[in-house]
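Structure at a glance
One letter stands for each residue in the lines below.
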Amino acid sequence: MAPAIMTLAADAPELSAANTGFMLICSALVMLMTPALAFFYGGMVRVKSTLNMLMMSFISLGIVTILWVLYGFSMAFGTDSGSIVGWSSEYVGLSGIGITELWDGYTIPVYVFAVFQLMFAIITPALISGALADRVKFTAWALFIALWVTIVYFPVAHWVWGTGGWLFEMGVIDFAGGTAVHINAGAAALGVILVIGKRVGFKKDPMRPHSLPLVMLGAGLLWFGWFGFNAGSWLGNDDGVGAVMFVNTQVATAAAMLAWLLYEKIRHGAFTTLGAASGAVAGLVAITPSGGSCSPLGAIGIGAIAGLLCAMAVGLKYKFGYDDSLDVVGVHLVGGVVGSLLVGFFATGGVQSKAQGLLYGGNADQLVKQAIGVFSVLAYSLIASAILALILDKTIGMRVSEDDEVSGIDQVEHAETAYDFSGAGGGASSRSTAAPAPAAQETKKVDA
């Protein structure tokens, strides 16, 4: 994947079993990130929305996979057309690709590159779902995914990573998805929530996470899978760049988590588990575009800055009144912007490319390129996503009814609940044969 640096790889006409195996493992790790995201988001919502949150991620695995095979890979990585989108007939249906045909300039088969990129395409719309918790019709969400990846993700992936894409040719550095994945998803989330509005009770009712252990599990699995997401984006292990990215991923994530927790302690007086998980994700987001161009010391700086700024940014929704349910804007959009722009400061010129940032003797050229990449993707995704949401809202409707939202979207949309509390107080046989306990002493219902 390694954007803006594909052409730097030496020609390698022979398939490498080692690199191929490594990339298949990395693809599996990135696939794991979507269920991990489902757990992360699922724990952050109230009980009555848990299953819906899980399903909003899982459905992306189905929809995007089929569209990627049919035409998505061709649009993203086919022959360039006008620097905007690609198309190659042999990629349609993945039907014209030889089993040992190599991705141009690399030692891995086209099939391996295609499946690795597929996993990125799957998780990107799933990221958006966290901003829409509690209130979106599942059918509308599924249709939104199909339209959004077609109109937004596939073309943007071509801009950033496809040979001939205008940001690729400009030299914008995005090692593994700061613009194409995180800014893209964060801006889309903002566009949609501005159209569909706030949850019932926003700023009035408590909307606390129902399961912080589930949040921590999801964050841990995301951290684990992110090594495939980042280190795999160099598409091989021949020159050590992927190893640097692996190290920087760990370092920046640790720094961001500590910075977020420090901010929380100073501002709110406590170190929270939710803050630890969110800080880690903020670091993972920020190092994604920048980790292939900086040193481990630079990764500490990038992670710490991202952890602090994202922790500050999550409160903006209360100030400006947009209901970003699970802080997709505050973490993914802000973290992606921070990580992408900091390439212009922390690029050493000695890892993935010769580009140098301002702190390493370079001029402002790379920073300008990064800013163009950041704000072009942000603007396109924000506007296109808002238009798509508006069209769906005016036709089939994006939101469930207020009554359904209050009663619980899990039961309404999926005819299920995440937890069965019917036997939580014990059966009749386990109760004392003495007089029944007063109503005031009975087990309280779990807050939904």
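Our subject is the structure listed above.
Described in the following lines is the structure provided in the data block. (Residues numbered from 1 in each chain as written. Predicted model: local features only at pLDDT ≥ 70, side-chain atom pairs only at ≥ 80, totals over all residues. Heavy atoms only, no water.)

1. A short note on the packing of helix α1 (residues 17-44) against helix α3 (residues 110-128)
- Packing of α1 against α3 leaves a shortest axis separation of 9 Å and a crossing angle of 10°. Judged by the inter-axis angle, α1 sits roughly parallel to α3. As for the relative orientation of α1 and α3, their crossing is left-handed in sense. Residue-level inspection shows Thr-20, Met-23, Leu-24, Cys-26, Ser-27, Val-30, Met-31, Met-33, Thr-34, Leu-37 and Tyr-41 of α1 in contact with α3, the latter providing Val-112, Val-115, Phe-116, Met-119, Phe-120, Ile-122, Ile-123, Ala-126 and Leu-127.
- When grouped by side-chain class, the residues that make up the contact of α1 with α3 number 17 nonpolar, three polar and no charged. (Axes fitted to C-alpha atoms, helices over the stretch in contact; angles between N-to-C directions. Helix = DSSP H or I, 4+ residues; strand = E, 2+ residues; numbered from the N terminus. Parallel < 35°, antiparallel > 145°, perpendicular 65-115°, else oblique. Left-handed = near helix turned anticlockwise from the far one by under 90°. Contact = heavy atoms within 4.5 Å. Nonpolar A, V, L, I, M, F, W, Y, C, P; charged D, E, K, R; others polar.)

2. Details of the packing of helix α8 (residues 241-268) against helix α9 (residues 273-290)
- α9 packs onto α8 with a crossing angle of 140° between their chain directions and a minimal axis gap of 7 Å. Considering the angle they form, α8 stands oblique to α9. Regarding α8 and α9, the two cross each other, and that crossing is right-handed. Between α8, through Met-245, Asn-248, Thr-249, Ala-252, Thr-253, Ala-256, Met-257, Trp-260, Leu-261 and Glu-264, and α9, the contact on the second element is made entirely by Gly-275, Ala-276, Ser-278, Gly-279, Ala-280, Ala-282, Gly-283, Leu-284, Ile-287 and Thr-288.

3. Topic: the environment of Ser-340
- Turning to its location among the elements, Ser-340 is positioned in helix α12 (residues 328-346).
- Ser-340 sits in the buried class, given a relative accessible area of 1%.
- As a C-alpha pair, Ser-340 and Ile-173 span 167 residues in sequence and 7.7 Å in three-dimensional space.
- Excluding residues within four positions of it along the chain, Ser-340 makes contact with Gly-178, Thr-179, Ile-183, Pro-289, Gln-370 and Val-374.
- Within polar-contact distance, the side chain of Ser-340 engages the backbone oxygen of Gly-336 at 2.8 Å. (Buried < 20%, exposed > 50% of the residue type's maximum accessible area, 1.4 Å probe, protein only. Polar contact = N/O pair within 3.5 Å; in protein donor to acceptor, adjacent residues only side chain to side chain.)

4. As for the packing of aromatic side chains
- Going through the model one piece at a time under the given rule, you end up with 25 aromatic pairs.
- Ring pairing ties together the aromatic residues Trp-68, Tyr-71, Phe-73, Phe-77, Tyr-91, Trp-103, Phe-113, Trp-148, Tyr-153 and Phe-154, which thus form one cluster. (Phe/Tyr/Trp six-rings, centres within 6.5 Å; stacked < 30°, edge-to-face > 60°.)

5. Considering the pattern of salt bridges
- Per the counting criterion, the structure on display carries five salt bridges.
- A salt bridge links Asp-327 to Lys-317; the shortest N-O distance between them is 2.9 Å. Residue Asp-327 is located in the loop between α11 (316-320) and α12, and its partner Lys-317 is located in helix α11; the two are separated by 10 residues in the primary sequence. With respect to class, Asp-327 is no different from Lys-317; both count as buried.
- Several salt bridges converge on common partners, so that one network encompasses Arg-46, Asp-134, Arg-199 and Asp-323. (Salt bridge = Lys/Arg side-chain N within 4 Å of Asp/Glu carboxyl O.)

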